[in-house]
Amino acid sequence: MELTLRYIAESIGDPVIGDDQVLIRGINSLLLAEKGEISFLADPRLKDQIKGTKASAVIVKELTNLYQGPQLISPNPYLTYARVATIFAPPAPRFPGISEKAIIGEGTHLGKDVSIYPFVYVGQEAAIGNRVILFPGVYVGDRVTVGDGSVVYPNVTIMSDSIIGKEVIIHAGSVIGSDGFGYAWDGDVSVKIPQTGIVQIEDNVEIGAQNAIDRASLGKTLIQKGVKTDNLVQISHNVVVGENTIIIAQAGIAGSTRIGRNVVIGPQVGVSDHLEIGDRVMVVGGSGVAQSISPGEVVSGFPTMPHRLWLKTRGHVRRLPKYSERLRELEDRVKELEEELKRE
Amino acid sequence: MELTLRYIAESIGDPVIGDDQVLIRGINSLLLAEKGEISFLADPRLKDQIKGTKASAVIVKELTNLYQGPQLISPNPYLTYARVATIFAPPAPRFPGISEKAIIGEGTHLGKDVSIYPFVYVGQEAAIGNRVILFPGVYVGDRVTVGDGSVVYPNVTIMSDSIIGKEVIIHAGSVIGSDGFGYAWDGDVSVKIPQTGIVQIEDNVEIGAQNAIDRASLGKTLIQKGVKTDNLVQISHNVVVGENTIIIAQAGIAGSTRIGRNVVIGPQVGVSDHLEIGDRVMVVGGSGVAQSISPGEVVSGFPTMPHRLWLKTRGHVRRLPKYSERLRELEDRVKELEEELKRE
Amino acid sequence: MELTLRYIAESIGDPVIGDDQVLIRGINSLLLAEKGEISFLADPRLKDQIKGTKASAVIVKELTNLYQGPQLISPNPYLTYARVATIFAPPAPRFPGISEKAIIGEGTHLGKDVSIYPFVYVGQEAAIGNRVILFPGVYVGDRVTVGDGSVVYPNVTIMSDSIIGKEVIIHAGSVIGSDGFGYAWDGDVSVKIPQTGIVQIEDNVEIGAQNAIDRASLGKTLIQKGVKTDNLVQISHNVVVGENTIIIAQAGIAGSTRIGRNVVIGPQVGVSDHLEIGDRVMVVGGSGVAQSISPGEVVSGFPTMPHRLWLKTRGHVRRLPKYSERLRELEDRVKELEEELKRE
């Protein structure tokens, strides 16, 4: 596919300075771009790379004289990169129709233009929306619904009664709706608490690879609109994750915690159970959240504290050996002073 | 299914105060329960919710006048909730018999009333016990044994020679018996050490979703009776996990470590290799265990210390910037004192 | 298979002291070895076990009089163990040829002597090398290449365009080439950045179970020759992992970070994005790497510091409650001194 720069610019709604008739066939980084590709300067630290780029056009925030070709001027080059890349991105591959080597259970409804690969198993009374793609090895349990336009990558497991919204993407190997971790101790052994709730994933959510999202013990585990999770994320039973929140790789959210909207949970963060994490909170990677956090706070550490305080304490921790010496020295000096005063 | 409260109470062995002829069709939380459901007050902090509940009966520790309907009096309402929920829980769905789209290897023995879904692969000379359910996408290697009544959820991999006990549950996506991580360095490259041991999982164990439990290099990795693991747990080669121990999400146990009975390993905990963790130890979430721990201890931190000490140190870490100021101030004051004394 | 000790010794190139005609049928630990097996003393702390072993021969660094049978003298008994175990290790089981229950896409080339199990799906225009084994439930996307002699265990997903080298092992459940985690914020929602790069895994790499290795946003995520990863490892888009580097369980490497050669990343380590980790660096388990690290450094902590410094600070952290008391005491004493001096 080759498009004129003008066509691209008009699709995005940003102006071009220079020759807008140049043909573009893809987008690439400043270093990797070849003739015929457009590139972008989103990170000002990479400014020097713009001089040597072979790209036939660049997306920039402000016109630069470091580059001679046509420039697409965007208030947010990173966002424009995302949009231009979307124009050129190949669509997910589709099996044409429903494979004879897939199993579709009784009473299950399949929408229009679905793509169901071989070795897919769909249980009974499920509802698969229009244009949904189910890749090989996907398991869809009884009574699951998957909304229009959703894509479920290979070897994903969606357990019974889960509700998956529209335009949801679930990456390979993830498990949705496994039992929550609930036991009562009877004095001798752990007695399993049946996990009879469900998982609901709303529209436009993207779940990374290798996630584990548990069904509720009672009620539902809820992933709201626009949430994005990275790989190897754990979401326990009865958790609620608010709209547009981002959870980065290997983070884990314990049972019944409610996470607000537009929150960022950093990589390898742990969040304890039954907490309230307010809207727009940012939890820095590697932190352990042991108490609820008010909206808008930026926290880190284990347990968490305001990120600025944490940054301060880190320097002090490194200096503890010195502080210890200074403390001992002071004790000696004070003792000497005390003795001197006594002598007088 | 509808049961009288009396029938339920007699099954559990707890008394009812009030009308025991009321019909119950399920159990739910105080907030979610509808007419016809029973509910429970296990967490005293939720006491206020009992006033507004629509439940037709409640499980309580002591008779309460906050609720007008019949009350089932239990010394441990949480445990009673588990038991009542078990009465109402739907059984795992079963494929009727052995799917023609499953592969069963030569010399493999299948017990009575097994349920083997399509796309299951069982290798040669394996032994699958009575009533076992193998969901789609399950791989069972050569010579594996799976005991009576066990349930293996979709896309689980059980590598060759593993021994799985009776009434074991393995949740979706888990891997049992992958190679342990063992290499010898020959000066140029890592030389793989063949992992020729096995994994043995005893009766009544429940393995969460997305676990990785490695086979032993020599001998066996052993998960003893009644152990429960949450999701995304890593258990390395030659580890022993003692009876009824609980390992919470995203924790990892390094090679050859022996964990005792009734231990609780919190979420995201790391335990180093070749350690002994005594019976009834509790390791608080996020901790890093670098040395063996005596029975009954409660530890946290990185590396771990007694939990009480750790709690104390946390407050001090937050105050380090203040301590640093106080130290510098003291030094100034002592210096002044010293100079004053010299002047005299 | 039974081999003379002499045959084994000559294969390895190490001398035997004692009867080299003894027949050996396997290798085992000192405690588990039976008659007919060889054992090894690699860890000097296990020296006492050599006295009671039933092994018919032992691999030792120096001749020991604690054991009466024949001894194979090796400068590196652990490496020799690896090599002898390799002689006896059963090869991975092979499906004979290409299962009729596998799907091979159009235009895909299969090498000689491949073993393709039932329920394998290979997309279009892929290239599968000689002797490759694909276990049940493996998904191989369009245009993927898998080099000669590689083994892909059950339920692994390899997304389109990935390049897998020769003699690569990928353990069960791993996902190669899922989308990197990249979004641009448009003020309302996260706009997905198409991840159009690839993953390249070079020769002799071993990937553990349950890994998630993301494709690049642009360009490639690169795992170089001889790298070994343990289970549940996260490698984000555009990461480069240098030759022979080892990444232990549950570690995560964030986007675009470059890791050098012969690095050891400990368990549960997190490495931030866009860093340079020099050759031969060791990052101790549980650490959080927030800045680039020079070659050869050994670091730990969160954020990391030289490991020796970290070890020192740990002791001081434990003593913080005491230090706090001593600080307060000093303040009292200095105050008293000041008042005394004033009184004079």
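Residues numbered from 1 in each chain as written. Chains lettered and ligands numbered in written order. Predicted model: local features only at pLDDT ≥ 70, side-chain atom pairs only at ≥ 80, totals over all residues. Heavy atoms only, no water.

A. Quick look at the pattern of salt bridges. If you walk through the whole model with that rule in mind, you get 30 salt bridges over all chains. With its nearest N and O atoms 3.7 Å apart, the salt bridge here joins R261 of chain A to E243 of chain A. Remark: E243 of chain A occurs in the loop between β29 (240-241) and β30 (246-247) and R261 of chain A occurs in the loop between β32 (258-259) and β33 (264-265); sequence separation between them is 18 residues. Taking relative accessible area as the criterion, R261 of chain A reaches 40% and is therefore assigned partly exposed. Beyond isolated ion pairs, a larger network of salt bridges with shared partners links D179 and K192 of chain A together with E206 of chain B. (Salt bridge = Lys/Arg side-chain N within 4 Å of Asp/Glu carboxyl O. Helix = DSSP H or I, 4+ residues; strand = E, 2+ residues; numbered from the N terminus. Buried < 20%, exposed > 50% of the residue type's maximum accessible area, 1.4 Å probe, protein only.)

B. Spotlight on the packing of aromatic side chains. Applying the stated criterion across every chain yields a total of 33 aromatic pairs over all chains. When the ring of F119 of chain A is compared with that of F119 of chain B, the centres are 5.7 Å apart and the planes differ by 75°; the resulting orientation is edge-to-face. Here F119 of chain B lies in the loop between β10 (115-116) and β11 (121-122) and F119 of chain A lies in the loop between β10 (115-116) and β11 (121-122), a pairing that spans two chains. Here the two residues F119 of chain A and F119 of chain B agree in accessibility, since each one is buried. (Phe/Tyr/Trp six-rings, centres within 6.5 Å; stacked < 30°, edge-to-face > 60°.)

C. Expanded view of the relation of the copies chain C and chain A. Here chain C sits on chain A after a turn of 120° about the axis and a move of 0.0 Å along it, with an RMSD of 0.1 Å. Classification of the inter-copy transformation places it as that of a three-fold axis. (Least-squares fit on C-alpha atoms with pLDDT ≥ 70 in both.)

D. Inspection of the side chain of S300 of chain A at higher detail. All names here are of chain A. By the secondary structure assignment, S300 is in strand β38 (residues 298-301). We classify S300 as buried; its relative accessible area is 1%. A polar contact of 2.6 Å, which involves the side chain of S300, links it to the side chain of H307. Apart from the residues within four sequence positions on either side, S300 is in contact with V284, S287, M305, H307 and W310. (Polar contact = N/O pair within 3.5 Å; in protein donor to acceptor, adjacent residues only side chain to side chain. Contact = heavy atoms within 4.5 Å.)

E. Representation of the packing of helix α5 (residues 320-343) of chain A against helix α5 (residues 320-343) of chain C in the model. One way to put it is that α5 of chain A packs onto α5 of chain C with a least axis distance of 10 Å and a crossing angle of 30°. Regarding the angle of α5 of chain A to α5 of chain C, the classification is roughly parallel. Like other packed secondary-structure pairs, α5 of chain A and α5 of chain C cross with a definite hand, here left-handed. Residues L320, S324, L327, R328, L330, E331, V334, K335, L337, E338 and L341 of chain A of α5 of chain A form the contact with α5 of chain C, whose participating residues are L320, Y323, R326, L327, L330, R333, V334, L337, E340 and L341 of chain C. (Axes fitted to C-alpha atoms, helices over the stretch in contact; angles between N-to-C directions. Parallel < 35°, antiparallel > 145°, perpendicular 65-115°, else oblique. Left-handed = near helix turned anticlockwise from the far one by under 90°.)

F. Spatial organisation of the interface of chain A and chain B. At the junction of the two partners, chain A supplies 70 residues and chain B supplies 64 residues. Across the interface of chain A and chain B, roughly 5100 Å² is buried in total on both sides, 65% from carbon and sulfur atoms. The tally of links from chain A across to chain B stands at 4 salt bridges. Our count for the contact surface shared by chain A and chain B stands at 20 residue pairs in polar contact (both at pLDDT 80 or more). For the side of chain A that touches chain B, the elements supplying multiple residues, two or more each, are β20 (175-178), β21 (183-185), β22 (190-192), β25 (212-214), β39 (304-306), α4 (307-318) and α5 of chain A. With 10 residues, the top contributor of residues to the side of chain A that touches chain B is α5 of chain A. (Buried area = accessible area lost by both parts, 1.4 Å probe.)

G. The arrangement of the interface of chain C and chain A in detail. Of the residues lining the interface, 70 residues belong to chain C; the matching set on chain A comes to 64 residues. Inspection of the chain C/chain A interface yields 4 salt bridges. Here E338 of chain A and R333 of chain C are joined by a salt bridge, their closest N and O atoms 2.8 Å apart. Where chain C packs against chain A, one counts 20 residue pairs in polar contact (both at pLDDT 80 or more). Counting only elements with at least two residues in the side of chain C that touches chain A, the list comes to β20 (175-178), β21 (183-185), β22 (190-192), β25 (212-214), β39 (304-306), α4 (307-318) and α5 of chain C. At 10 residues, the largest contribution of residues to the side of chain C that touches chain A is made by α5 of chain C. Across the side of chain C that touches chain A, the residue classes break down as 36 nonpolar, 20 polar and 14 charged. (Nonpolar A, V, L, I, M, F, W, Y, C, P; charged D, E, K, R; others polar.)

H. Structural view of the sheet that holds strand β12 (residues 127-128) of chain A. Spatially, 9 strands are ordered β9-β12-β15-β18-β23-β26-β29-β32-β35 (chain A) in an open sheet, and the strand pairing comes out parallel. Each edge of the sheet is formed by a strand with only one pairing partner; in this case those strands are β9 (109-110) and β35 (276-277) of chain A. (Pairing = 2+ DSSP bridges.)

I. Focus on the pairing of strand β38 (residues 298-301) of chain B. All names here are of chain B. Sheet topology note: the strand β36 (residues 282-283)/β38 ladder contains 2 bridges and is parallel. Bridged to V283 within β38 is V299. Examined bridge by bridge, β38 and strand β39 (residues 304-306) share 3 bridges and lie antiparallel to one another. The residue bridging V299 from the neighbouring strand is P306, located in β39. Counting the residues between successive antiparallel strands, the hairpin from β38 to β39 contains 2 residues.

J. Broad picture of the sheet that holds strand β13 (residues 133-134) of chain C. Residues and elements named next belong to chain C. In spatial order, the strands read β10-β13-β16-β19-β24-β27-β30-β33-β36-β38-β39; together these 11 strands make up an open sheet with mixed pairing. Looking at the sheet topology across the chains shown, the edges are occupied by β10 (115-116) and β39. Where strand β27 (residues 228-229) and strand β30 (residues 246-247) come together, 2 bridges link them in parallel fashion. Its bridge partner being in β30, K228 is matched across the sheet by I246. In the packing of α4 onto the sheet, the strands contacted are β38 (298-301) and β39, and the crossing angle to β39 comes to about 105°.

K. The domain arrangement of chain A, seen in detail. You can read the domains of chain A as domain 1 (3-88) and domain 2 (103-307). With centres defined by C-alpha atoms, the gap from domain 1 of chain A to domain 2 of chain A works out at 36 Å. (Domains from an automatic or database assignment.)

L. Spatial organisation of the packing of helix α4 (residues 307-318) of chain B against α5 of chain C. Contact geometry of α4 of chain B with α5 of chain C gives a least axis separation of 8 Å together with a crossing angle of 50°. By the angle between their directions, the pair α4 of chain B and α5 of chain C is classed as oblique. Residues L309, K312, T313, H316 and V317 of chain B of α4 of chain B touch α5 of chain C, and the partners they reach there are L320, P321 and S324 of chain C. Across the contact of α4 of chain B with α5 of chain C, the residue classes tally to 4 nonpolar, 3 polar and 1 charged.

M. Inspection of the nonpolar core at higher detail. In this structure, L134 and I265 of chain A, L134 and I265 of chain B together with L134 and I265 of chain C are the most contacted members of the largest nonpolar core, which totals 185 residues. Of all hydrophobic cores here, the second largest spans 24 residues; its members include V317 and Y323 of chain A together with Y323 and L327 of chain C. (Core = buried A, V, L, I, M, F, W, Y, C linked by side-chain atoms within 4.5 Å.)

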